[in-house]
Amino acid sequence: MSNSWNKNNYRQQQEAFISGHGGTTSREVIYAIMPNICSILLTTTIIGLFNEVIHRNIRVLIEFALIVIPSILCCTILSEYVITVCFIMMAISAINILILGFNLNSLPIHHRKFPCDKKPFITNFRALTNIITAICILAIDFHIFPRKFAKTEIFGYSLMDSGVGLFILANALVAPEAKDFTPKPRIGFFHTISKNIKYTARSCIPLLILGFGRSVAIEILGYQKHVTEYGVHWNFFITLAFVKLFTSSITSTINSKYSLLSGIWILGMHEYVLSTKGLKEWVLSNKPRDDFVSANREGVVSVPGYVGLYLIGVAIGRLIHSTYQNSQAQNSFQHKLKIIHIKLFGYEFDANYNESMILCIKLSLISAQTCAATLFCDTYFRVSRRLANAGYCMWILTLGVMILTLLLLIEIISDILVYKNIDLEYDQKKTKMQKTNIKNKRETVSDKYEKNIAENTIEIFEAVNYNGLIFFLFSNLMTGGINMLVRTLYINELNAVQILIAYMAVNVLSVLLLYRKQVQIKL
């Protein structure tokens, strides 16, 4: 009886510990994410410097030490010192850039070679979203995780509130609708929508099984739950399934080139219904949860908001993919810079630019527009993760596009510095082989070149993206297991950090092994 009471008492303490928080400012959330972006620049420049002398496994350890561990520390014990951490990372990165720059003095910056279907900054964005989410879902159970980053109870901004929204946005950027620009034949409205819904419904079944299976497991094991997050039985997997079903139905009837207008219309109608029909007050109230809909009102009501967010994300994805579509031939590795002649104050000079630079400007303008929309919505409607209202969706778009812009800027720096170094190595090896007239060499210069390109990507990010949903699912299972074995509320700072590092090491290692074996598990 005593053990049962202690277990129930501890569960109530845990639920109280993760509930009832008011969040923080949008600036604090951005500050919390900035070290993750700086760590990517630092890792990229270090890999560029030591590409030829470090083993593949050592490189993965460097990636983990420079990306994952700082992510853990900056949202826990170093959360008040993120500006200092960013400054240190940027200073070291600047030194690396200067060293890399010495090799470029005699070389014209003319192109970068990379596979045309790869967008490293999107890969980094998707993986970073997954990694930060995985860290937060366990870290929140320890005292070292600041309560200002915990999910908000009613209105406000927080780091954990951003996770589900950024995950939806990340999926939208690489959705088939965002990449496919070929005109589709008109088969018939009812035939098209019925065929698409049947196919999507089948693909949603595994997500629904995971979602309701998680709810059953929580009830059986007596695991703590934050009811106002999604509801009593609802969770992220169920939201993802319904968003997938509804967005697929919409894009099968309305051309995806109108996804921006569709997303804005849905968010506008969602906000109108929330504000004028008493739905907002009902969701945020303490009224009884005596049937399935009322028990899961947060999950049910938030779906239209996530659908609108997804469709706008598809529009941003179409902008990104269309930018490169016309500039790259299939199976080509050439990404040429263009030249513009500028005359200013009597001086004439030529400036080089490419599609990535133009896209960086476009994304920064979009981020400014969504920022203005967020401020407007926050003034009149507030920002609520529970409702997934217009304010929340605009905030996610602002944050997501800002991160994409910064990651693209890092990619442009890599284009100029890191990959140009590889060009130099390539030219030197090609000249040496021509002089010695070596034939029948097992690894050709071009093979070596492509290998160098692969080696300068962040392998941890590639692995996480390769099995993204499995990584998230495994993180959830690990989080549950640790909470069942360890009383996280009573763990000191040092042990909490050690547990988080070990937990992320196991998560990353799991998907890394699958990636290297080229085993992809699709749900």
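Owing to the predicted nature of the structure, the values given are computational and were not obtained by experimental measurement.

Enquirer: Report on the overall build of the chain, specifying residues and quantitative values.
Expert: Check the secondary structure of the chain and you find 21 helices and 4 strands. Looking at the 523 residues of the chain, the share that counts as buried comes to 51%. For the chain, the proportion of contacts with a sequence separation of at least 24, taken over those separated by at least 6, is 83%. Per element, the accessible surface of the chain, about 25200 Å² overall, is 64% carbon and sulfur.

Enquirer: With reference to specific residues and values, describe the layout of surface pockets.
Expert: Of the voids in this model, the second largest pocket is the one considered here, and its volume is about 1100 Å³. The wall of the second largest pocket is formed by 49 residues, among which I137, R214, E229, F472 and N476 lie closest to the centre. Every element with two or more residues in the lining of the second largest pocket is listed here: α5 (120–139), α6 (161–173), α8 (189–221), α9 (227–230), α10 (236–253) and α20 (468–485). Of the residues contributing to the lining of the second largest pocket, the split by class is 28 nonpolar, 15 polar and 6 charged.

Enquirer: So, the packing of aromatic side chains: which residues are in play, and what are the values?
Expert: Throughout the structure, instances matching the rule amount to 15 aromatic pairs. Judged by centre distance (6.1 Å) and plane angle (65°), the ring pair of F145 and F149 falls under edge-to-face. In this structure F149 comes out as buried when scored by relative accessible area, which is 1%. Consider the rings of F376 and F381, whose centres lie 6.4 Å apart with planes at 75°: the pair is edge-to-face. For F381, a relative accessible area of 24% gives the class partly exposed. A cation over a ring is seen here: R297 above W282, with NZ or CZ 5.5 Å from the ring centre.

Enquirer: Before we move on, could you go through the environment of F64 and cite the residues and values that matter?
Expert: Mapped onto the secondary structure, F64 falls in helix α3 (residues 56–74). Each C-alpha atom, one on F64 and one on V508, is 8.6 Å from the other, the two residues being 444 residues apart in sequence. If sequence neighbours within four positions are ignored, F64 has contacts with I69, P70, I460, I501, M504, A505 and V508.

Enquirer: Residue-level account of the nonpolar core, with values.
Expert: The biggest cluster of nonpolar side chains holds 115 residues, and the ones touching the most others in it are F121, F125, I320, L363, I460, F461 and M504. For this core, the leading source of residues is helix α16 (residues 390–416), giving 16 residues. What I460 contacts, discounting residues up to four positions off in sequence, is V60, E63, F64, I131 and V508.

Enquirer: Go over helix α21 (residues 493–516) with me, naming the residues and quoting the values.
Expert: Every α-helix carries 3.6 residues per turn, so stepping three or four residues along brings you back to the same face. With 24 residues, α21 should reach 34 Å at 1.5 Å per residue; the first-to-last C-alpha distance of 34 Å fits that figure. Taken together, the buried positions of α21 are occupied by A496, V497, L500, Y503, M504, N507, V508, V511, L512 and Y515. Contacts from the buried residues of α21 go to α3, α5, α19 (459–466) and α20. Where α21 ends, the next residue or the one after it, Q518, has phi of about 55°, a positive value.

Enquirer: Go over the environment of L309 with me, naming the residues and quoting the values.
Expert: Within the element layout of this structure, L309 appears in helix α14 (residues 297–325). Residue L309 is classed as buried on the basis of its relative accessible area of 0%. The spatial distance from the C-alpha of L309 to the C-alpha of N389 is 9.8 Å, given a sequence separation of 80 residues. In this view, L309 contacts G165, I168, L267, C393, I396 and L397; residues no more than four positions away in its chain are not counted.

Enquirer: Can you break down the confidence of the model for the chain residue by residue, with the values?
Expert: For the chain, per-residue confidence averages 82 on the pLDDT scale, and 79% of positions sit at 70 or higher. Averaged over each element, pLDDT in the chain is lowest for strand β1 (residues 111–112) (40) and highest for α21 (95). Every residue in residues 105–116 is under pLDDT 50, and counting partners more than four places away or in other chains gives 37 contacts. Low confidence marks residues 329–335, where pLDDT is under 50. Its contacts with residues over four positions away, or in another chain, come to 21 contacts.

Enquirer: Break down the pattern of salt bridges for me, with residues and values.
Expert: As enumerated under the stated definition, the model contains 9 salt bridges in all. As a salt-bridge pair, E28 and K148 come within 3.3 Å of each other at their nearest N and O atoms. One end of the pair, E28, is in helix α2 (residues 26–50); the other, K148, is in the loop between α5 and α6, and 120 residues separate them in sequence. Overall, the relative accessible area of 28% leaves E28 in the partly exposed class. Connected through shared salt-bridge partners, E28, E80 and K148 make up one network.

Enquirer: Got a sec to walk through the packing of α14 against α16? Specific residues and values, please.
Expert: Here α14 crosses α16 at 25°, and the two axes come no closer than 10 Å. The orientation of α14 relative to α16 falls into the category roughly parallel. Where α14 crosses over α16, the two elements pack in a sense that is right-handed. Contacts from G305, Y306, L309, I312, I316, I320 and Y324 of α14 reach α16 at Y392, C393, M394, I396, L397, V401, L404 and L408. When the residues that make up the contact of α14 with α16 are grouped by side-chain class, the tally is 14 nonpolar, 1 polar and no charged.

Enquirer: Please give an account of α19 that cites residues and values.
Expert: Along α19, 8 of the 8 residues are buried, which leaves the element largely enclosed by surrounding structure. Within α19, the full set of buried residues consists of E459, I460, F461, E462, A463, V464, N465 and Y466. Considering only its buried residues, α19 is in contact with α2, α3, α5, α20 and α21.

Rules behind the numbers
Residues numbered from 1 in each chain as written. Predicted model: local features only at pLDDT ≥ 70, side-chain atom pairs only at ≥ 80, totals over all residues. Heavy atoms only, no water. Helix = DSSP H or I, 4+ residues; strand = E, 2+ residues; numbered from the N terminus. Buried < 20%, exposed > 50% of the residue type's maximum accessible area, 1.4 Å probe, protein only. Contact = heavy atoms within 4.5 Å. Areas by Shrake-Rupley, 256 points an atom, 1.4 Å probe, with all protein chains shown as cover. 1 Å grid on protein atoms, 1.4 Å probe; cavity = no way out; pocket = protein on both sides within 12 Å on 5 of 7 lines; lining within 4 Å. Points joined across faces, edges and corners; volume = space filled by probe spheres on them. Nonpolar A, V, L, I, M, F, W, Y, C, P; charged D, E, K, R; others polar. Phe/Tyr/Trp six-rings, centres within 6.5 Å; stacked < 30°, edge-to-face > 60°. Lys NZ or Arg CZ within 6 Å of the ring centre and 35° of its normal. Core = buried A, V, L, I, M, F, W, Y, C linked by side-chain atoms within 4.5 Å. Expected span 1.5 Å × (residues − 1). pLDDT = per-residue confidence, 0-100. Salt bridge = Lys/Arg side-chain N within 4 Å of Asp/Glu carboxyl O. Axes fitted to C-alpha atoms, helices over the stretch in contact; angles between N-to-C directions. Parallel < 35°, antiparallel > 145°, perpendicular 65-115°, else oblique. Left-handed = near helix turned anticlockwise from the far one by under 90°.

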